[in-house]
Amino acid sequence: MDRVSAFDEPLKKLLGGATAKVMADHLDLHTVGDLLHHYPRRYEERGRLTALTDLPLDEHVTVVAQVADARVVMFNNGRGKRLEVTLTDGSGRLQLVFFGHGVHKPHKELLPGRRAMFAGKVSVFNRKMQLAHPTYQLLDAESIDGAEATEAVDAFAGRLLPIYPACKQLDSWRIAKAVDTVLPSAREAVDPLPPSLCEGRGFIPLPEALLKVHRPQTKADIAQARDRLKWDEAFVLQVALARRRYADTQLPAVARKPAHGGLLDAFDAKLPFTLTEGQRKVSQEIFDDLATEHPMHRLLQGEVGSGKTMVALRAMLGVVDAGGQAAMLAPTEVLAQQHHRSITEMMGELAEGGMLGGSDLGTKVVLLTGSMGMAARRQALLDLVTGEAGIVIGTHALIEDKVQFHDLGLVVVDEQHRFGVEQRDALRSKGKQQPHLLVMTATPIPRTVAMTVFGDLETSVLDQLPAGRSPIASHVVPAKDKPHFLSRAWERVREEVEGGHQAYVVCPRIGDDAEDETAGKKGKKKAPEDDGEKRPPLAVLEIAEQLAKGPLTGLRVEVLHGRMNPDDKDDVMRRFGAGQVDVLVATTVIEVGVNVPNATAMVIMDADRFGVSQLHQLRGRVGRGSAPGLCLLVSEAHEASPARARLSAVAATLDGFELSRIDLEQRREGDVLGQAQSGVRSSLRMLTVIDDEEVIAAARAEAAAIVTADPELEHLPELRTALDALLDKEREQYLDKG
């Protein structure tokens with residue numbers, strides 16, 4: 001078998017169809033290489049028990065513990081029975097519970113004094129931590145018969161037991177067995193690091209690192225293996241990004257330098273306020289990029305309300321001055337309309353080029369969305385192809401084949417994480433030459449994530465808020481434990497409205513039939529023991545009705561959600577902006593870009609169902625005027641749960657960068673890098689973006705030097721092979737289009 005094909009061997013061949021299917025469906029492991037890169041999450045020492053007091057709620061855990069006692073409890077007049085087993089680690093206790101027919105085997109095996117590994121999901125019942133129906137593997141040789149005993153003892157003979165990321169269908173020790181089957185292939189691993197780099201940094205060879213990470217004899221083995229494997233991931237990814245950056249510098253683009261005394265100068269002259277120091281600095285970075293003859297690729301990240309739109313607008317005006325056109329891509333119609341409204345308001349007569357009363361220096365600013373009427377759409381398309389419109393703001397409707405530009409010079413993508421790669425790429429391909437690209441996000445990104453996920457983009461950060469912004473007070477409202485807190489929340493909303501202000505109420509779901517039907521199709525029947533299952537998320541339509549008839553009766557309550565007719569949506573937003581609606585009950589369509597300075601209060605229902613950065617984004621919709629903002633995070637989550645910890649973190653700070661760090665620590669890379677980045681994410685197994693900043697920065701520097709010297713990696717065939725394996729075509733394209 002050649003060196004590459006050993007790693008490409010399908011797991012089905014070696015492990016059998018059933019196990020391979022579970023690994024593919026639930027752990028995304030398909031080949032021998034995938035399984036060898038599925039590293040242990042941690043290691044238990046054979047003689048040591050797991051600390052039971054600080055297990056995370058709602059998570060799938062594997063613990064090594066000792067049985068303290070076990071008893072069978074009858075219920076339903078003797079018709080039902082359950083086995084309750086208490087585990088101990090010497091300090092804390094954990095309850096196990098088995099029902100029905102699942103009682104017999106554990107009742108015989110889980111005797112007081114026995115040790116075992118247990119795997120299951122941690123929940124709380126009657127204020128006690130428990131695992132319902134856990135799987136387990138006995139660890140005492142005398143507790144198992146004959147051949148099975150020998151096998152179990154052999155499997156756990158090493159003092160360090162690897163605990164693998166597992167799932168309900170496949171526990172850690174079964175994964176360990178599967179790894180044993182494929183481990184001989186580790187000797188055939190292709191080493192991607194150039195020999196000089198390996199020697200210079202004192203790394204062990206890759207085959208040795210794989211053997212040591214899966215079957216360490218000592219803690220030093222683990223440290224050596226981790227150091228080496230982290231470097232591989234960071235380095236191969238940074239090489240891919242460095243090649244991307246290098247390729248970009250080879251592309252031609254039209255330099256766009258603003259004309260003196262042109263549209264940009266006229267706009268700056270009529271601004272009623274001065275730009276912040278940060279806005280000036282970032283604008284300068286962008287104008288320097290636009291003046292070069294290869295395409296700008298810049299990520300502009302800034303706090304909610306830090307004035308990114310102003311910076312982007314000035315860049316667009318500069319490009320129009322230089323004879324080009326600029327397009328802004330927004331993720332939703334509500335946001336596209338909002339941007340169009342605020343940009344035309346900021347520009348005044350400068351947005352009415354060629355119209356009666358418009359400025360001689362002006363240009364046309366057009367809106368293009370999927371729901372526009374035919375006549376307006378035809379006119380907008382005509383304005384774009386003739387060059388009459390210097391600026392266009394739109395949704396993915398901008399990407400359709402029919403849309404042609406006269407000379408597209410700049411693409412601005414707002415809320416980058418909401419777009420698929422193909423959408424951004426399709427818009428960029430509409431320029432005669434590559435247009436410049438400015439990507440904006442209000443989700444603060446830690447530096448390390450910027451270096452990995454957005455590693456092919458230069459980064460600018462806006463971290464100052466414009467003058468006149470008000471502080472926002474945030475509080476968690478524990479609706480289940482303290483219902484009177486929720487009543488008080490609605491009183492606070494009423495007080496804000498009586499004080500002449502407005503409020504948002506945000507719910508995770510719309511609550512119409514179409515949505516429930518879809519959920520029904522996806523949903524599965526629950527097992528009878530699954531009574532810990534959560535109720536469905538609260539819905540806009542139901543909550544709006546309850547509020548209008550109950551605690552907010554007499555106030556003008558309206559709804560806004562993504563499935564409304566676009567004209568109705570626009571109408572509601574206009575009336576809310578004009579102060580004709582007191583309380584807007586909405587889904588997350590209001591998450592980005594919605595700007596109503598008079599809205600001072602926000603109540604987020606089922607706040608634990610949202611991510612940290614999403615809550616931070618939503619909260620940024622209040623406190624945009626001179627009156628202080630209030631954000632109430634309503635939750636029924638248990639006080640000790642990770643969900644509540646997340647909410648407390650959001651309530652404790654308004655610093656988005658601090659929150660993004662907390663978010664990353666809590667959820668690790670998965671959700672933060674997002675689905676669109678799955679290519680990058682699935683190549684990061686050992687590297688934790690939050691902890692390994694030094695490794696990433698060093699790997700970035702090494703990668704840049706290697707790619708500058710040898711862009712095609714002709715002298716490094718092993719690195720080229722590793723690049724192909726880690727970044728298959730789909731992922732390479734993702735980076736390509738990023």
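Every chain's residues receive numbers from 1 upward, in the order its sequence appears when written. The model is predicted, so local features are restricted to residues of pLDDT at least 70 and side-chain atom pairs to those at 80 or more, both for listing and for counting; the totals for chains, interfaces and linings are taken over all residues. To obtain the side-chain values, all non-hydrogen atoms of the structure were included, while hydrogens and water were left out.

Chemist: Describe in detail the overall build of the chain, supporting the description with residues and values.
Modeler: Think of it this way: any DSSP run of H or I at least four residues long counts as a helix, any run of E at least two long counts as a strand, and we number them from the N terminus. A tally of helices and strands in the chain yields 29 helices and 21 strands. A 1.4 Å probe rolled over the protein chains alone gives each residue an accessible area, and that area as a share of the maximum for its type sets the label: buried under 20%, exposed over 50%, partly exposed in between. The proportion of buried residues among the 738 residues of the chain is 53%. Counted over contacts in the chain with a minimum sequence separation of 6, partners at least 24 positions apart contribute 73%. Residue burial considers only the protein chains on display, and all accessible areas are found by Shrake-Rupley using a 1.4 Å probe. Accessible surface, the chain: about 32,900 Å² in total, of which carbon and sulfur atoms supply 50%. By definition in these notes, contact holds between two residues if any of their heavy atoms fall within 4.5 Å.

Chemist: Lay out the side chain of Arg298 in plain terms, naming residues and giving numbers.
Modeler: Here Arg298 lies in strand S9 (residues 297-302). For Arg298, a relative accessible area of 8% puts it in the buried group. Here a polar contact is recorded for every N or O atom pair within 3.5 Å, except that within protein the pair must consist of a potential hydrogen donor and a potential acceptor, and residues adjacent in sequence are included only if both atoms are side-chain atoms. Engagement of the side chain of Arg298 in a polar contact is seen with the side chain of Ser460, the distance being 2.8 Å. Beyond its immediate sequence surroundings of up to four residues, Arg298 is in contact with Glu285, Ile286, Asp289, Leu437, Leu438, Val439, Leu457, Glu458, Thr459 and Ser460.

Chemist: I'd like a rundown of the confidence of the model for the chain, residues and numbers included.
Modeler: On average, residues of the chain carry a pLDDT of 82, and 83% of them reach 70 or more. The predictor's confidence in any single residue is recorded as pLDDT, a number from 0 to 100. Residue range residues 517-533 is modelled with pLDDT below 50. Its contacts to residues more than four positions away, or to other chains, number three contacts. Throughout residues 668-682 the model reports pLDDT below 50, and contacts reaching past four residues in sequence, or to other chains, amount to 31 contacts.

Chemist: Hey, could you go over the pattern of salt bridges for me, with residue numbers and the actual values?
Modeler: Pairing is possible between side chains of opposite charge, provided their charged atoms come close. The rule for a salt bridge is simple: a side-chain nitrogen of Lys or Arg has to be within 4 Å of a carboxyl oxygen of Asp or Glu. The tally for this structure, following the rule as stated, stands at 35 salt bridges. One network of salt bridges, in which partners are shared, links Arg488, Glu491, Arg492, Glu495 and Glu496.

Chemist: Describe the sheet that holds strand S19 (residues 583-586), naming the residues involved and giving the relevant values.
Modeler: Picture the strands of a sheet paired through backbone hydrogen bonds; they go either parallel or antiparallel. A pair of strands is considered paired only if DSSP assigns at least 2 bridges between the two. Taken together, the six strands give an open sheet; going across it, the order is S16-S21-S20-S17-S19-S18, and neighbouring strands pair in parallel fashion. Since the sheet does not close on itself, it has two edges, and those belong to strand S16 (472-478) and strand S18 (557-560), each with one partner. For this sheet, the mean inter-axis angle between neighbouring strands, taken without regard to orientation, is 20 degrees. Across four bridges, the pairing between S18 and S19 is parallel. For Leu560, the partnering residue across the bridge sits in S19 and is Ala586. The axes are straight lines fitted to the C-alpha atoms, using for helices just the contacting stretch, and the angles between their N-to-C directions are given from 0 to 180°.

Chemist: With reference to specific residues and values, describe the packing of aromatic side chains.
Modeler: Classification of ring pairs uses Phe, Tyr and Trp, with its six-membered ring standing for Trp, and accepts pairs whose centres are within 6.5 Å; under 30 degrees between planes counts as stacked, over 60 as edge-to-face, and the remaining range as tilted. Per the counting criterion, the structure on display carries five aromatic pairs. Here Phe118 and Tyr136 contribute two aromatic rings whose centre-to-centre distance is 6.1 Å and whose plane-to-plane angle is 40 degrees, an arrangement assigned as tilted. Here Phe118 is found in strand S5 (residues 115-125), whereas its partner Tyr136 is found in strand S7 (residues 135-138), with 18 residues between them in sequence. Phe118 gets classed as buried once you look at its relative accessible area, which sits at 0%. The exposure class of Tyr136 is buried, given its relative accessible area of 16%. Aromatic pair Phe203 and Trp231: ring centres 5.8 Å apart, planes at 50 degrees, arrangement tilted.

Chemist: Lay out the pairing of strand S21 (residues 629-635) with the relevant residues and their values.
Modeler: Within S21, seven of the seven residues are buried, which leaves it mostly tucked inside the rest of the structure. Going residue by residue along S21, you find Gly629, Cys631, Leu633 and Ser635 tucked away on one face and Leu630, Leu632 and Val634 tucked away on the opposite face as well. Direction of pairing for S16 relative to S21: parallel, over a ladder of seven bridges. When the sheet's bridge partners are listed, Val477 is paired in S21 with Val634. Here four bridges tie strand S20 (residues 599-604) to S21, and the two strands are oriented parallel to one another. In the sheet register, Met602 faces S21, and the bridge partner there is Cys631.

Chemist: Kindly report on the nonpolar core, identifying the contributing residues and their values.
Modeler: We define a nonpolar core as any set of buried Ala, Val, Leu, Ile, Met, Phe, Trp, Tyr and Cys residues linked to one another through side-chain atoms lying within 4.5 Å. Core analysis: the biggest nonpolar cluster contains 38 residues, and Met316, Met347, Ile391 and Leu410 have the highest contact counts within it. Residue contributions to this core peak at nine residues, all from helix H13 (residues 308-321). Contact partners of Met316, with chain neighbours within four places excluded, come to Ala326, Met328, Ile343, Ile391, Leu410 and Val412. One finds Met23, Leu36, Val179 and Val213 within the second-largest nonpolar core, a separate group that totals 33 residues.

Chemist: Requested: an account of the environment of Gln502, with residues and values cited.
Modeler: Position of Gln502 relative to the elements: it lies in strand S17 (residues 502-506). Sequence separation between Gln502 and Asn598 is 96 residues; the distance between their C-alpha atoms is 6.1 Å. Residue contacts for Gln502: discarding those within four places in its chain leaves Phe576, Gly579, Val581, Asp582, Val596, Asn598, Ala599, Thr600 and Ala601.

Chemist: Which residues make up the sheet that holds strand S13 (residues 408-414), and what values go with them?
Modeler: If you walk across this open sheet you meet the seven strands as S11-S12-S10-S13-S14-S9-S15, and the pairing is parallel. Both outer strands of the open sheet, strand S11 (364-368) and strand S15 (458-462), are each paired with one neighbouring strand and no more. For this sheet, the mean angle separating the axes of adjacent strands, direction not counted, is 20 degrees. Here strand S10 (residues 325-329) runs beside strand S12 (residues 389-394); their pairing, made up of four bridges, is parallel. Across the sheet, residue Ala326 finds its bridge partner in S12, namely Ile391. Docked against the sheet, helix H14 (residues 333-347) engages S10, S11, S12 and S13, running at close to 170 degrees with respect to S11.

Chemist: Outline the environment of Val85, supporting the account with residue identities and numerical values.
Modeler: Along the chain, Val85 falls in strand S3 (residues 80-88). Residue class for Val85 comes out buried when judged on its relative accessible area of 0%. Remark: the alpha-carbon pair of Val85 and Leu110, spanning 25 residues in sequence, is separated by 7.8 Å. Sequence-distant contacts of Val85, defined by excluding residues within four places in its chain, comprise Val67, Asp69, Ala70, Leu94, Gln95, Leu96, Phe98 and Leu110.

Chemist: I'd like a description of helix H11 (residues 263-270), backed by residues and values.
Modeler: The complete set of buried residues in H11 reads Leu263, Leu264 and Phe267. Axial view of H11: buried residues confined to an arc of 95 degrees, hence all on one face. Of the surrounding secondary structure, the elements contacted by the buried residues of H11 are helix H12 (277-290), H13 and H14. In this description, the arc belongs to the directions extending from the helix axis to the C-beta atoms.

Chemist: If you had to explain the packing of helix H22 (residues 612-619) against helix H23 (residues 642-652) to someone new, which residues and values would you point to?
Modeler: In contact at an axis separation of 10 Å, H22 and H23 are set at 40 degrees when each is read in the N-to-C sense. Seen along the crossing, H22 lies across H23 with a hand that is right-handed. Touching Val612, Leu615 and Arg619 of H22 are Arg646, Leu647, Val650 and Ala651, all from H23. Split into classes, the residues belonging to the contact of H22 with H23 amount to five nonpolar, no polar and two charged. In this scheme the crossing of two helices becomes right-handed for a clockwise turn of the near helix relative to the far one and left-handed for an anticlockwise turn of less than a right angle. Polar here means any residue other than Ala, Val, Leu, Ile, Met, Phe, Trp, Tyr, Cys and Pro, which are nonpolar, and Asp, Glu, Lys and Arg, which are charged; Gly is therefore polar.

Chemist: Residue-level account of the side chain of Lys308, with values.
Modeler: Mapped onto the fold, Lys308 is located in helix H13. Among all residues touching Lys308, those that are not within four sequence positions of it are Leu300, Gln301, Gly302, Glu303, Met440, Thr441, Ala442 and Leu462.

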